[in-house]
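Secondary and tertiary structure notes
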Amino acid sequence: MSTPTTEQPLAHSSEVDILDIAREKVLGRGVGLDKEETLRVLQLPDDRLEELLGLAHEVRLKWCGEEVEMEGIISLKTGGCPEDCHFCSQSGLFESPVRSAWLDIPALVEAAKQTAKSGATEFCIVAAVKGPDERLLSQLEQAVAAIKAEVDIEVAASIGILTQEQVDRLAAAGVHRYNHNLETARSYFPNVVTTHTWESRRETLRMVKEAGMEVCSGGILGMGETLEQRAEFASDLAALDPTEVPMNFLDPRPGTPFADYPVMESSDALRAIGAFRLALPKTMLRFAGGRELTLGDLGAEKGLLGGINAIIVGNYLTTLGRPQEQDLDMMGKLRLPIKALNATV
């Protein structure tokens, strides 16, 4: 079957193998697959998974380079959140074991130092809130200044829905990347969160981008969405033109509405990784929560050779990750270089 070209477009792209389309469009020109094309990738059978991951890795190498960015995250404020995100054990509305706690600035500086020692170039401060009050925002500003004074590391933040004034303050404080996950497809969002809207999250990201901060936005796969909605989600994210997309897989937490949901099949998770890389060829795709449970060691290696080019090291906000040394050993085994602090993608 011939590969489509811009000079000789095919009358019906559905008649052409979707990976042939991706080779020409994504690998050849750096243009991501649209929603319908992404859905076709998500519908590929298991016997084509290795081919998909191989192509996704080629795309990653060509348009992002071979380096892997490592990031550590820490929770400034844990638990007691007033929102009802159905996957999250930090919601104060559910009978979950997570309880409210705050970290002081010296603890944040020390955590940043330990993160930097692992080789990570990014340190993200997270708070379980709908949006920051003055106490939280002021503490974050002070923490960013203290970290920058002592640690050679970039500081990111994730503290919920923002106003324009709060966006401007974070940019002035030196936060270079802001994480605010869309979580899932716009059409599926009401099944996941009811206390705020998808549109409010999207508006925060618009202001963040206009303020000059990098946009980090992803979500969680395996929350009951259809393949069509998974493709819609990839398209929603592509429209943001984000610097980074964290890829989480549902880790059902006790006490949450999603506690009894099944763990996503590893083949479906890997197929999603490949599909998201083909939809977002120049975006950093980061392994985040749930990869240990969903993929295990072998699946994680396949993901790093199938489109992933960033990873969170250590623990997550309310779930355990892997020891940093294991991830470093894995990347050494795969001969994947770690991104230096001031390197460009």
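- For the protein chain, an unreviewed UniProt entry supplies the name Biotin synthase and the organism Corynebacterium argentoratense DSM 44202.
- Database annotation for the protein chain, UniProt heading Function (unreviewed entry): "Catalyzes the conversion of dethiobiotin (DTB) to biotin by the insertion of a sulfur atom into dethiobiotin via a radical-based mechanism."

1. A few points about the packing of helix α1 (residues 18-29) against helix α3 (residues 49-64)
- Direction vectors running N to C along α1 and α3 enclose 10°, while the axes themselves pass 9 Å from each other. Overall, the two elements α1 and α3 adopt an arrangement that is roughly parallel. On the side of α1, the interface is formed by L19, A22, R23, V26, L27, G28 and R29, while α3 contributes E51, L52, L55, E58, V59, K62 and W63.
- In terms of residue class, the contact of α1 with α3 is built from eight nonpolar, one polar and five charged.

2. Considerations on the UniProt feature "binding site: [4Fe-4S] cluster" (unreviewed entry) in the protein chain
- According to UniProt, the "binding site: [4Fe-4S] cluster" (unreviewed entry) feature falls on C81, C85 and C88.
- Take C81: it is sitting in the loop between β1 (69-78) and β2 (101-102).
- Residue C81 is classed as buried on the basis of its relative accessible area, which comes to 10%.
- Relative to the assigned elements, C88 resides in the loop between β1 and β2.

3. Overview of the packing of aromatic side chains
- Tallied over the entire structure, the rule returns two aromatic pairs.
- Plain terms: the ring middles of F233 and F276 are 5.9 Å apart, the flat faces sit at 70° to each other, and that makes the pair edge-to-face. On the criterion of sequence distance, the pair formed by F233 in helix α8 (residues 227-240) and F276 in helix α9 (residues 266-279) is long-range, its members being 43 residues apart.
- Here F233 falls in the buried class, since its relative accessible area comes to 3%.

4. Quick notes on the pairing of strand β3 (residues 122-127)
- Of all six residues that make up β3, six are buried, and the element is covered over most of its length.
- Residues E122, C124 and V126 point to one face of β3 and F123, I125 and A127 to the other, with burial holding for every one of them.
- Of the strand pairs in this sheet, β3 and strand β4 (residues 154-158) are connected by five bridges, and their pairing is parallel. By the bridge assignment, I125 is partnered in β4 with A157.

5. Focus on the pattern of salt bridges
- Following the criterion strictly, the structure yields 25 salt bridges and no others.
- With its nearest N and O atoms 2.8 Å apart, the salt bridge here joins R177 to E214. Note that R177 is positioned in strand β5 (residues 177-179) and E214 in strand β6 (residues 214-216), a separation of 37 residues in sequence.
- A relative accessible area of 3% means that R177 is categorised as buried.

6. Here's the deal with the packing of α1 against helix α2 (residues 35-42)
- Between α1 and α2, the shortest axis-to-axis distance is 10 Å and the interhelical angle comes to 130°. Accordingly, the angle class assigned to the pair α1 and α2 is oblique. Regarding α1 and α2, the two cross each other, and that crossing is left-handed. Here I18, I21 and K25 of α1 lie close against α2, whose contacting residues are E37, R40 and V41.
- In the contact of α1 with α2, the residues fall into three nonpolar, no polar and three charged.

7. Notes on unusual backbone geometry
- You will see that E183, though not glycine, has its phi angle at about 80°, which is positive.
- In this fold, E183 is placed in the loop between β5 and α7 (198-210).
- Among the residues examined, E183 registers a relative accessible area of 7% and is labelled buried.
- For D241, which is not glycine, the phi torsion reads 55° and is therefore positive.
- Considering the arrangement of structural elements, one finds D241 in the loop between α8 and β8 (244-249).

8. Details of the environment of G222
- Residue position: G222 is located in the loop between β7 (219-221) and α8.
- Separated by 38 residues in the primary sequence, G222 and T184 place their C-alpha atoms 9.7 Å from one another.

9. Quick word on the environment of L27
- Residue placement: L27 occurs in helix α1.
- When the C-alpha atoms of L27 and E58 are compared, they prove to be 7.2 Å apart, with 31 residues separating the residues in sequence.
- The contact partners of L27, leaving out residues within four places of it in the chain, are A22, L55, E58, V59, K62 and W63.

10. Regarding the side chain of R177
- Reaching out from R177, the side chain makes a polar contact with the side chain of E69 at a distance of 3.2 Å.
- Here the side chain of R177 touches E214 through a polar contact of 2.8 Å, side chain to side chain.
- What R177 contacts, discounting residues up to four positions off in sequence, is E69, E122, V155, A156, A157, E214, C216, T243, E244, M284 and R286.

Parameters at a glance
Residues numbered from 1 in each chain as written. Predicted model: local features only at pLDDT ≥ 70, side-chain atom pairs only at ≥ 80, totals over all residues. Heavy atoms only, no water. UniProt positions renumbered as here; feature names shortened; annotations may be inferred. Axes fitted to C-alpha atoms, helices over the stretch in contact; angles between N-to-C directions. Helix = DSSP H or I, 4+ residues; strand = E, 2+ residues; numbered from the N terminus. Parallel < 35°, antiparallel > 145°, perpendicular 65-115°, else oblique. Contact = heavy atoms within 4.5 Å. Nonpolar A, V, L, I, M, F, W, Y, C, P; charged D, E, K, R; others polar. Buried < 20%, exposed > 50% of the residue type's maximum accessible area, 1.4 Å probe, protein only. Phe/Tyr/Trp six-rings, centres within 6.5 Å; stacked < 30°, edge-to-face > 60°. Pairing = 2+ DSSP bridges. Salt bridge = Lys/Arg side-chain N within 4 Å of Asp/Glu carboxyl O. Left-handed = near helix turned anticlockwise from the far one by under 90°. Polar contact = N/O pair within 3.5 Å; in protein donor to acceptor, adjacent residues only side chain to side chain.

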